[in-house]
Structure formats: structure tokens, C-alpha cells
Amino acid sequence: MKKLLYVGFFLVFIVIFLYVNNHWLVVSEHVFESEKVPESFDGLRIVQVSDLHDALFGDNQERLIAKVRATQPDIIFITGDVIDSNRFDLEQSLQAVRGLVELADVYYVLGNHEVATNKISEIYEALSSVGVHVMANESTVLERNGERLAIVGIEDPLMGRSTEEMLEIATTYVPQEMLKLLLAHRPEVFNVYVASGIDLAFTGHAHGGQIRIPGLGGLVAPGQGMLPKYTAGIYEGQETKMVVSRGLGNSTVPYRVFNLPEIVVMELKTKKR
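Predicted model, so just to flag it, every value in this text is computed and none were measured. Positions within a chain are numbered from 1, following the residues in the order the chain's sequence is written. Reporting of local features is limited, given that this is a predicted model, to residues whose pLDDT is at least 70; pairs of side-chain atoms are given and counted only at 80 or more, and all residues count toward the totals for whole chains, interfaces and linings. Note that the side-chain values use all heavy atoms of the structure and ignore hydrogens as well as water.

1. Some words on the pattern of salt bridges
Thought 1: Here a salt bridge means any side-chain nitrogen of Lys or Arg lying within 4 Å of a carboxyl oxygen belonging to Asp or Glu. Considering all chains together, one arrives at 12 salt bridges under this definition.
Thought 2: With its nearest N and O atoms 3.5 Å apart, the salt bridge here joins Arg 45 to Glu 267. With a gap of 222 residues between them, Arg 45 in strand β2 (residues 45-49) and Glu 267 in strand β16 (residues 262-270) connect regions that are remote in the sequence.
Thought 3: A salt bridge links Glu 262 to Arg 246; its shortest N-O distance comes to 3.3 Å. Pair noted here: Glu 262 is in strand β16 and Arg 246 is in the loop between β15 (240-244) and β16, with a separation of 16 residues, a long-range link.
Thought 4: What you see here is one network of salt bridges that share partners, running through Glu 29, Arg 45, Glu 267 and Lys 269. Each helix is a run of H or I in the DSSP string that is no shorter than four residues. Each strand is a run of E no shorter than two, and both are numbered from the N terminus.

Okay, structure coming up:
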């Protein structure tokens with residue numbers, strides 16, 4: 001009888017543990033300080049949402065929207081896989097997006113799961129219709145008090161172009177000295193972002209390594225295999241920094257372990273010369 005009771009307690013613990021690991025939203029805050037950040041953009045708060053994969057966080061995504069609202073975003077970046085190709089439900093993901101566009105300007109790039117659905121036009125049209133800035137190998141310039149910075153967005157390489165080619169197209173008219181913020185889905189091509197002169201890249205895709213081993217990091221990530229290099233946090237190379245979001249949802253592997261769903265906040269700071 002005692003053994004059955006222990007087994008019951010253990011099973012309940014596992015259910016609660018997995019539920020918390022996959023539904024407890026956390027916010028990770030970072031600061032990007034650079035001389036290239038114009039003074040007018042000092043303190044700009046960028047909130048990154050990545051890899052939703054049709055996950056649900058409360059009725060009509062209320063918990064997710066409330067959590068993002070509490071971060072007081074100036075702009076919001078969505079870095080791909082807002083849907084999941086294995087259980088495509090665009091309307092469910094749009095519930096989150098509609099809430100986000102009410103908080104701030106939203107910029108979006110697609111991920112590999114959008115490409116896999118073969119419904120890219122439908123997804124782009126749906127997002128644009130609710131007010132999202134869809135960035136398909138292009139850039140836009142933000143201006144404050146005569147000072148400017150560039151937001152650059154590239155599609156997933158599954159679209160048939162190399163990352164190098166997409167970045168070249170997207171940055172064609174961006175002055176070299178201008179601060180460049182990149183939205184891209186994949187972190188494993190960090191070396192390309194470095195070579196292309198990107199200042200700060202926002203990526204996802206790795207799902208934090210899916211299962212995180214305390215003291216070691218993520219266990220596995222698409223495009224990187226076992227014990228991947230880029231799974232979460234900030235990475236630096238020459239003059240480039242990259243933030244990798246652990247993301248929100250799951251896909252082929254249904255559970256996260258020691259890997260809470262994450263919202264990223266990046267605050268820009270002007271470094272005094």
C-alpha cells in the first residue's frame with residue numbers, strides 16, 4: 001500500500017513539475033550598451049517573443065499578454081515559429097498577436113515552421129492585417145529627434161536563400177555606421193551575423209536546448225544537435241551581440257525540463273564616448 005502511495009505521490013509530482021516547466025512564464029532582462037545607440041534611443045525597451053508554436057497561456061493568451069504588458073515595451077520583436085506546422089492553428093496564435101499590437105509596434109520574421117506549412121502568404125497577410133510589421137528580407141529605420149537606427153529582418157533559409165544573401169538584400173540601403181538590430185530565427189549562423197556587421201541580433205529556434213542540464217546548458221537543438229552552443233542568453237563575437245530566446249512553446253518534443261518559457265527584454269543604453 002505504501003509503495004502505491006509513493007508511486008502516486010511521484011506521479012503527481014511529475015505532472016506538476018512538467019506543468020510548471022511548460023507554463024510558468026519568466027522574463028529575462030538584458031542591457032545592450034554601445035556608442036552606436038543614439039541618445040534619443042537611450043532606454044528603449046525591446047521585448048522579444050519567440051517560438052510560440054501555438055502554445056496557450058490563459059484564455060485568449062491573457063497571461064502572455066499581461067506578462068508582456070508588465071515589461072513596458074517600446075517595441076516588440078517576434079522571431080519566428082508563431083505557429084506549429086504539426087498542429088497548425090493560426091487563429092490561436094493570432095490571439096496573442098492581437099494583444100501584442102495593442103501594446104507597441106510589433107515586428108515579425110518567420111521561422112522554419114511557417115515555411116513548412118506552405119501557407120506563408122496566408123500567415124503574412126493575417127499578421128499584416130492586424131498591424132504587424134512583417135520583415136521579409138528588408139529593413140526599416142526608426143527616427144527620434146533626428147537620430148536613427150535600423151531594424152533588419154530576414155526570412156528562414158528554408159525559403160531558398162542563404163543567410164548571407166538575405167542579409168545583403170535586407171541591409172542594402174542601411175548606412176554602415178547606423179545601429180542595426182536584426183530579427184532572425186536561427187542562432188546557429190551567428191558567424192554570418194558577425195561577418196555582416198550586425199550590432200545586435202535577436203534569435204530563437206533552439207528552444208533553450210529543450211532539456212536544460214543545470215551547470216551544463218541545453219541538451220539538444222535543431223540545426224545544432226546534441227549539447228548545442230547557442231541555446232539561451234547573450235553571445236558575443238567581435239562587434240556583434242546575439243540574444244537567443246528560450247522561446248515559449250514546444251514542437252516535436254512536447255515538454256521542457258528546467259527550461260521555463262521565456263520573454264526577453266533588451267534595453268538599449270548609450271555608451272558615452
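2. Let's talk about the side chain of Thr 163
Thought 1: Structurally, Thr 163 is set in helix α6 (residues 163-170).
Thought 2: Assessed through its relative accessible area of 6%, Thr 163 is described here as buried.
Thought 3: In contact with Thr 163, not counting residues within four places along its chain, are Ile 154, Pro 157, Val 189, Val 192 and Tyr 193. Partly exposed describes any residue whose relative accessible area lies between the buried limit of under 20% and the exposed limit of over 50%, with all areas from a 1.4 Å probe on protein chains only and scaled to the type maximum. We call two residues in contact whenever any of their non-hydrogen atoms come within 4.5 Å of each other.

3. Some words on the packing of helix α2 (residues 62-70) against helix α3 (residues 90-101)
Thought 1: Two numbers describe how α2 lies on α3: the axes approach to 9 Å, and their chain directions differ by 25°. Here α2 is positioned roughly parallel relative to α3, judged by the angle of their axes. Between α2 and α3 the crossing geometry is right-handed. Here Leu 64, Ile 65 and Val 68 of α2 lie close against α3, whose contacting residues are Gln 95, Ala 96, Gly 99 and Leu 100. For every element, the axis is a line fit to its C-alpha atoms; helices are fit only across the contacting stretch, and the angle between N-to-C directions ranges from 0 to 180 degrees. An angle below 35 degrees is read as roughly parallel, one above 145 as roughly antiparallel, one from 65 to 115 as roughly perpendicular, and any other as oblique. Note on convention: near helix rotated counterclockwise from far helix by under a right angle means a left-handed crossing. Clockwise means right-handed.

4. Topic: the pairing of β16
Thought 1: Extensive coverage of β16 is indicated by the burial of 8 of its 9 residues.
Thought 2: Bridge analysis of strand β1 (residues 26-34) against β16 gives 9 bridges, and the strand direction is parallel. The residue of β16 that forms the bridge with Glu 33 is Lys 269. Strand pairing requires that DSSP identify at least two bridges connecting the strands.

5. Thoughts on the sheet that holds β16
Hydrogen bonds between backbone atoms are what pair the strands of a sheet, whose relative direction is either parallel or antiparallel.
Thought 1: Here we have 6 strands laid out as an open sheet, ordered β1-β16-β2-β3-β4-β5, and mixed in their pairing. Bordering the open sheet on either side are β1 and β5 (133-134), each of which pairs with just one other strand.
Thought 2: With 5 bridges connecting them, strand β3 (residues 75-79) and strand β4 (residues 105-109) associate as parallel partners. Considered in β4, the bridge of Thr 79 is made with Val 109.

6. Details of the nonpolar core
A general tendency of soluble globular proteins is for nonpolar side chains to be buried together.
Thought 1: Among the buried residues, those of types Ala, Val, Leu, Ile, Met, Phe, Trp, Tyr and Cys that are joined through side-chain atoms within 4.5 Å form a nonpolar core. Membership of the largest hydrophobic core comes to 32 residues, with the highest contact counts inside it found for Leu 52, Leu 64, Val 68, Tyr 108, Leu 127 and Leu 248.
Thought 2: Secondary-structure elements contributing two or more residues to this core are β2, α2, β3, α3, β4, α5 (120-129) and β16.
Thought 3: Beyond its immediate stretch of four places on either side in the chain, Leu 64 contacts Leu 25, Leu 52, Phe 57, Ala 96, Leu 248 and Ile 263.
Thought 4: Val 37, Ile 75, Phe 202 and Val 264 belong to the second-largest nonpolar core, a separate cluster that totals 22 residues.

7. A closer look at α2
Thought 1: Along α2, the residues that are buried comprise Leu 64, Ile 65 and Val 68. All buried residues of α2 project into a common sector of 95° when viewed along the axis, lining one side. Residues of α2 that are exposed and point over 90 degrees away from its buried face: Glu 62 and Ala 70.
Thought 2: Taken together, the buried residues of α2 touch β2, β3, α3 and β16. Taking the helix axis as origin, the arc is that swept by the directions to the C-beta atoms.

8. Re the environment of Ile 263
Thought 1: Residue placement: Ile 263 occurs in strand β16.
Thought 2: Taking the C-alpha atoms as reference points, Ile 263 and Gln 224, 39 residues apart in sequence, are found 22 Å from one another.
Thought 3: Ignoring sequence-local partners within four residues, the contact set of Ile 263 consists of Val 26, Val 27, Ser 28, Val 47, Gln 48, Leu 64, Lys 67, Val 68 and Leu 248.

9. Considering a nonpolar patch on the surface
Thought 1: A surface patch of nonpolar side chains, amounting to about 540 Å² of accessible area, comprises Ile 211, Ile 213, Leu 216, Val 220, Met 226 and Leu 227.
Thought 2: For Ile 211, the location among the structural elements is in the loop between β9 (200-203) and β10 (212-213). Patch definition: residues with relative accessible area over 30% and no salt bridge; like charges joined within 9 Å; nonpolar side chains (Val, Leu, Ile, Met, Phe, Trp, Tyr) joined within 5 Å. All accessible areas in this document rest on Shrake-Rupley with a 1.4 Å probe, and a residue is counted as covered only by the protein chains that are shown.

10. What about the packing of aromatic side chains?
Thought 1: Only rings of Phe, Tyr and Trp enter the pairing, Trp through its six-membered ring, and a pair is recorded when the two centres are within 6.5 Å. The plane angle decides the type: under 30 degrees is stacked, over 60 is edge-to-face, the rest tilted. Inspection of the entire model under this criterion finds 6 aromatic pairs.
Thought 2: Both rings, one in Phe 17 and one in Phe 258, keep their centres 5.4 Å apart while their planes meet at 70°; by these two values the pair is edge-to-face. A residue pair is termed long-range when its members are at least 10 positions apart, and Phe 17 in helix α1 (residues 2-23) and Phe 258 in the loop between β15 and β16 qualify at 241 residues.
Thought 3: Ring centres of Phe 190 and Tyr 230 lie 5.8 Å apart, and the angle between their planes is 70°; on these two criteria the pair is classed as edge-to-face. On the criterion of sequence distance, the pair formed by Phe 190 in helix α7 (residues 190-195) and Tyr 230 in the loop between β13 (225-226) and β14 (233-237) is long-range, its members being 40 residues apart. Exposure class is identical for Phe 190 and Tyr 230. Each is buried.
Thought 4: Members of the aromatic cluster, joined through ring pairs, are Phe 77, Tyr 107 and Phe 202.

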